[in-house]
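Below are the chains, spelled out letter by letter.
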Amino acid sequence: MDIAEILTKDEPGKRHLLLGNEAIARGAIEAGLELASTYPGTPSSEIGDSLFRAVKQGKYFFEYCTNEKVAMEVAGAAAVANARSLVIMKHVGLNVASDAFMTLNYIGVRAGLVIVSADDPGCWSSQNEQDNRLYAMLGDTMMLEPADPQEAKEMTIAAFDLSEELEQPVLLRVTTRVSHTRAGVELGPIREPRNNPNFERDPFRFVTVPSVARIRHPILVEKVKQATELSEKSEWNRIYDKGRLGIITSGVSFNYVMEALEALQIKAAIFKIGMTYPLPKKKLQKFIASKEQVIVVEELKPYLENHARAFSQEESIITPILGKSQGYFSEIGELSPRKVMEGIAQALGKEIPPDFRAIDEKFSEDLVESPPRPPILCAGCPHRATFYEVATATGRKGVYPTDIGCYTLAIQPPLEMADLLLCMGSSIGTSCGLTAVLDKPIIGAIGDSTFFHSGIPGLVNAVYNQHPVKIIVVDNHTTAMTGHQPHPGTGITGMGVKGQGISIEEVARGVGIQFVKVINPLKVKESIRAIREAVSFDGPAVIISRSPCALVERARKRRENEPIIPYEVNPEVCQGCRVCIDKLGCAAAIWEGEHAAIDSDLCSGCGVCAEICPYKAIREIEINERV
Amino acid sequence: MSSQCYPRSLGVSKIIYDDPFNIVIAGVGGQGNVLSSRLIADAAITKGFIAAIGETYGAAQRGGSVMSHIRISKHDVGPLIPLHSAHLLLGFEPIEALRVGARYLNPSSVAIVNMHPVYPVEVLTGQLKYPSIDEVERRLKTLCSRLFTLDAVELAEQAGNPLVMNTVMVGALAGVDLMPIKTLMLEKEIAKIRRLKEVNQKAFNLGVNAIKTNL
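Residues numbered from 1 in each chain as written. Chains lettered and ligands numbered in written order. Predicted model: local features only at pLDDT ≥ 70, side-chain atom pairs only at ≥ 80, totals over all residues. Heavy atoms only, no water.

1. A word on the overall build of chain B
- Scanning chain B from N- to C-terminus turns up 8 helices and 8 strands.
- A buried classification covers 60% of the 215 residues belonging to chain B.
- For chain B, the share of sequence-separated contacts (at least 6 apart) that also reach a separation of at least 24 residues comes to 65%. (Helix = DSSP H or I, 4+ residues; strand = E, 2+ residues; numbered from the N terminus. Buried < 20%, exposed > 50% of the residue type's maximum accessible area, 1.4 Å probe, protein only. Contact = heavy atoms within 4.5 Å.)

Below you can see the structure in the form of structure tokens.
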């Protein structure tokens, strides 16, 4: 069954195998969703993507925004205007949106507003593993935290209701292991959207000049008190089983705890916290006081642990609280059944039944001979050509700040064209900083979607402060890394409407860049010439390296029955110089001991290797040899 | 974690499966790993089980190592299989099977491995060597109670398209008949695939037979 159908059909009681993220999308629709906004980012992307797929059948408005801050403003305003709204982002997206987030709580909302933050313990696909539970605390914003896809759906609905009850936004925090777990999810009834948008003026609430902010802050503090009362009674904060040992946990860790207790044959009462902000203080105090000892099992920061200690101190409860502070668990990386088993066993001074050390030894032994398989740029990826050209044009004598997208994979050999990376859009700002202090070419790379996300202010800064940065916009006409979402340059909206795309070159010229050139990276010599020109240009320069994503292009050709003509190496002509392998390193290039070869199944037919081959040994496969 | 990780025969007709029953799939991005795990879990859910799949992706489209954990249970279970606790390993690629097998197999588990290699970049470029297939097989054997090997790519080609290798492997999984879900359930799921419908059905049967003739 099609995901659009699963999300929008009103079939309560029906069970489907859903990704945690799809379950959240369904939950929002069941709650009568009216507007959703997002900027894609793993592990959150499939929430927006499934809402995008179902937008024709659905009764809501959906948009991919330029960045998370805009998405927060879009959804926040809609909720102020009485429309149930959802805004979705990955954990670091909330950093981008934090300016809006930190004041949205002061004004509150009229209809429900749910903010999804998908955290990534273990950095599966992120530049850091920050713990966004602290954002709930920082922003005095209620937070729910599901442990599995079913709960993710139910909590999304609950979050909307909670948000409306207190007229405050609610954070729904998920982690990779919830977002990307697929499990059977039982559907519930779909509520009809209210469809009663209405902007009721109330400037002394909604216009946060200092005098209003000062009035709103105590109101916010009062709301947190009310939310604490709700948390005390919340069915999401539940105690399972009995025992003199207490375990406090939340999210996916709950599953690991249950499994560990069974394996270790330990009886314990488990306090599963589903509402992680504000915490049910009294209930926690009562729980801790009634136990001989308490173990706290949570990923990343000792958030629950520190609160448990502070709450206990207030009531002079002396129950030992064991967790990260004694080193039983680490605040680095995600938890696993093994880590939880080991931590609990250690805290209780028990033996662990499985011999993990023996497994480790075996594992390392078997790994020695298994070559690694890191993710790489696809065969025929235009980014590879661009970075080859930048490296050749500048003789690798520059510094090469990079940005967030597939092209970050140019960090790997043989390209090794990534020197500095902070966050989305950072390559232009970091390029400015480097040009200010270094006397060498600074060539920053940024993707098309990232350029719109947060690259433009950096570019304005370069012009304004006269930094002679050289910015290569690697434009593959999609947000490839997160699953090929559209962006402002493509003109396709979240409602599936094709509008006019925004031209990167016009933006660059518009902000005052004097040198703007569009290249086709698959034409190597011309591109190298253009990059050299840009580097020797006196002032900031922008090169737009434009060629569609190889995956999208391959799919298009297949769809339109356009042939893909792969290349081949003529072994008689090949001198074995390995330029195609050691300088370009296309995923389709193979070394056969004496000469190079090309995997014709993988080859996209881009022809870049043929152009750089010093012996002209690479050519298109002859028609009669084509399969 | 139960010490016995393999379905225990109780008498002649009744088999009790461990709960949760853990299957791990190891492969390379683009091999259809995610699709196969969904198919197996779908069959389990249709049968009335609760199933959870834990996936590592992100690297999926870019040729990196990909692993899926499938857990079939009567209760709610977490998405990750504890180390050493897979009942079955479905290996789509030899060294990926070895990599994952070393962490998740145990002396009572069973592995089904496609021995058709996909060479990592550094092997293709001549910087590293791919271990000999015999060596991989020897090591895999030491990690489990029984190893079934097949060339699923060749069988997929026989079925009509090398891309349906994953369906051959699901067929092989049905062929060993060690799961709480039976061949028919998986066959029904395969029948739901719209793209390359007949090729997939043929591939599934080739997978089943490849194992049955091996048993």
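2. A look at the environment of Glu553(A)
All names here are of chain A.
- Following the sequence through the fold, Glu 553 ends up in helix H21 (residues 550-559).
- Take Glu 553: its relative accessible area is 21%, and that puts it in the partly exposed class.
- Here the alpha-carbon distance between Glu 553 and Lys 470, two residues 83 residues apart in the chain, equals 28 Å.

3. What about the confidence of the model for chain B?
All names here are of chain B.
- Here chain B shows a mean pLDDT of 87. Residues at 70 or above account for 89%.
- Every residue in residues 1-14 scores below 50 in pLDDT, and together they form 31 contacts with partners more than four places removed in sequence or on other chains.
- Overall fold confidence (pTM) sits at 0.95, and the ipTM for the predicted complex is 0.90. (pLDDT = per-residue confidence, 0-100.)

4. Regarding the interface of chain B and chain A
- Contacts between chain B and chain A engage 54 residues on the former and 49 residues on the latter.
- Summed over both sides, the interface between chain B and chain A buries roughly 4,500 Å², with carbon and sulfur atoms accounting for 58% of that surface.
- Where chain B touches chain A, the interface holds 3 salt bridges.
- One salt bridge in this structure joins Arg71(B) and Glu259(A), with 2.6 Å as the shortest N-O distance.
- Among the secondary structure elements, those contributing two or more residues to the side of chain B that touches chain A are helix H1 (33-46), strand E4 (50-56), strand E5 (65-73), helix H2 (94-104), helix H3 (121-124) and helix H4 (133-143) of chain B.
- Per element, the largest residue contribution to the side of chain B that touches chain A is 7 residues, and it comes from E4(B). (Buried area = accessible area lost by both parts, 1.4 Å probe. Salt bridge = Lys/Arg side-chain N within 4 Å of Asp/Glu carboxyl O.)

5. Concerning the pairing of strand E18 (residues 541-546) of chain A
- Of all 6 residues in E18(A), 5 are buried, a share of seventy percent or more.
- Between the parallel pair strand E17 (residues 515-519) of chain A and E18(A), the chain is carried across by helix H20 (residues 524-536) of chain A, and the sense of this crossover is right-handed. (Right-handed = clockwise from strand over helix to strand, strands pointing away.)

6. What to know about the pattern of salt bridges
Residues and elements named next belong to chain A.
- Following the criterion strictly, the structure yields 42 salt bridges over all chains and no others.
- The partner of Arg 26 in a salt bridge is Glu 30, with the nearest N and O atoms 2.7 Å apart. Of this pair, Arg 26 and Glu 30 are both found in helix H2 (residues 20-30), 4 residues apart, which corresponds to roughly one turn of the helix. Glu 30 shares its class with Arg 26; the two are buried.
- The shortest N-O distance in the salt bridge between Glu 342 and Arg 338 comes to 3.1 Å. Of this pair, Glu 342 and Arg 338 are both found in helix H14 (residues 337-348), 4 residues apart, which corresponds to roughly one turn of the helix.
- Given a relative accessible area of 22%, Glu 342 falls into the partly exposed group.
- By sharing partners, the salt bridges in this structure join Asp 119, Asp 131, Arg 133, Glu 145, Arg 173 and Glu 298 into a single network.

7. Considering the sheet that holds strand E16 (residues 470-475) of chain A
Residues and elements named next belong to chain A.
- One open sheet accounts for 4 strands, arranged E15-E16-E18-E17; its pairing is parallel. Each edge of the sheet is formed by a strand with only one pairing partner; in this case those strands are strand E15 (443-447) and E17. Strand-to-strand twist across the sheet, computed as the mean angle between neighbouring axes with direction ignored, equals 20°.
- Two elements, E15 and E16, share 5 bridges in a ladder whose sense is parallel. By the bridge assignment, Ile 443 is partnered in E16 with Lys 470.
- Each of E15, E16, E17 and E18 is contacted by H20, which is oriented at about 165° to E17, the strand it contacts most. (Pairing = 2+ DSSP bridges. Axes fitted to C-alpha atoms, helices over the stretch in contact; angles between N-to-C directions.)

8. Description of the nonpolar core
All names here are of chain A.
- Grouped together as the largest cluster of nonpolar side chains are 94 residues, with contacts concentrated most on Leu 51, Leu 86 and Ile 344.
- Viewed by domain, this core spans two of them, domain 1 (3-233) and domain 2 (237-366), each represented by three or more residues.
- Those residues in contact with Leu 51 that sit more than four places away from it in its chain are Leu 7, Ala 25, Ile 29, Leu 33, Ala 36, Tyr 60, Phe 62, Leu 86 and Ile 88.
- Membership of the second largest hydrophobic core comes to 71 residues, among which are Ala 480, Val 507, Val 524 and Val 542. (Core = buried A, V, L, I, M, F, W, Y, C linked by side-chain atoms within 4.5 Å. Domains from an automatic or database assignment.)

9. Regarding the side chain of Ser37(A)
All names here are of chain A.
- Note on placement: Ser 37 falls in strand E2 (residues 35-38).
- For Ser 37, a relative accessible area of 0% translates into the label buried.
- Those residues in contact with Ser 37 that lie beyond four places of it in its chain are Glu 63, Cys 65, Ala 71, Val 74, Ala 75, Leu 86, Val 87 and Ile 88.

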